[in-house]
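What follows is the residue order along each chain.
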Amino acid sequence: QVQLVESGGGSVQTGGSLRLSCAASGRTFSSYAMGWFRQAPGKERAFVTAISWGGRNTYYVDSVKGRFTISRDNAKNTVYLQMNSLKPEDTAVYYCAADLSWGHIATMQLVDYWGQGTQVTVSS
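Residues numbered from 1 in each chain as written. Predicted model: local features only at pLDDT ≥ 70, side-chain atom pairs only at ≥ 80, totals over all residues. Heavy atoms only, no water.

J.: Teacher, can you tell me more about the pairing of strand β11 (residues 118-123) here?
T.: A regular strand places its side chains so that they alternate between the two faces of the sheet. Residue alternation in β11 divides its side chains into a buried set, Thr-118, Val-120 and Val-122, and an unburied set, Gln-119, Thr-121 and Ser-123. Of the pairings in the sheet, the one linking strand β2 (residues 10-13) to β11 comprises 4 bridges and is parallel in character. Along β11, the bridge assignment pairs Val-12 with Val-122. Bridge count between strand β9 (residues 92-99) and β11: 3 bridges; the pairing is antiparallel. Among the inter-strand pairings, Ala-92 is bridged to a residue of β11, identified as Val-120. (Buried < 20%, exposed > 50% of the residue type's maximum accessible area, 1.4 Å probe, protein only. Helix = DSSP H or I, 4+ residues; strand = E, 2+ residues; numbered from the N terminus. Pairing = 2+ DSSP bridges.)

Structure representation (structure tokens):
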């Protein structure tokens, strides 16, 4: 069992930056692939980025490449999402996700564990 708690959301203007954190409970954090999804108003939850167990592999959707960076600190049981050059279309609730399978982490229906979400609002 893994419990995930996100923090770091807030409101920024276009071009600003935010850093999200996701703290995980449990002693097996390093066994999990970790990811971030987001859900904008009226839209389905969508995959944003993922990172493998040791951090060697990362994957981003095209819309955030070059602006967002995912990282993890297994000693702190925490995964981060650094978001730069934010745009109004990045406005959403951001959810942390965890799964033992790298093959599952980018698919919402297959992810095993979710955080409660944190709101990110980007104004123009």
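J.: Help me understand the packing of aromatic side chains, please; the structure alone is not making it clear to me.
T.: Any aromatic ring pair is given by two values, namely how distant the centres are and how the planes are angled relative to each other. Per the counting criterion, the structure on display carries 4 aromatic pairs. Judged by centre distance (5.9 Å) and plane angle (70 degrees), the ring pair of Tyr-32 and Tyr-113 falls under edge-to-face. In this pair, Tyr-32 sits in the loop between β3 (18-24) and β4 (33-39) while Tyr-113 sits in strand β10 (residues 113-114), placing the two residues 81 residues apart along the sequence. You'll find Tyr-32 and Tyr-113 in the same group, each marked buried. Where Phe-37 meets Trp-114, the ring centres are 4.9 Å apart and the plane angle is 70 degrees; that geometry is what we call edge-to-face. Here Phe-37 is found in strand β4, whereas its partner Trp-114 is found in strand β10, with 77 residues between them in sequence. On the basis of relative accessible area, Trp-114 is assigned to the partly exposed category, the value being 26%. Aromatic ring contacts, followed pair by pair, group Phe-37, Phe-47, Tyr-59 and Trp-114 into a single cluster. Here Arg-45 stacks its cationic end above the ring of Tyr-95, 3.6 Å away from the centre of that ring. In this structure, Arg-45 is placed above the aromatic ring of Trp-114, and the distance from its NZ or CZ to the ring centre is 4.7 Å. (Phe/Tyr/Trp six-rings, centres within 6.5 Å; stacked < 30°, edge-to-face > 60°. Lys NZ or Arg CZ within 6 Å of the ring centre and 35° of its normal.)

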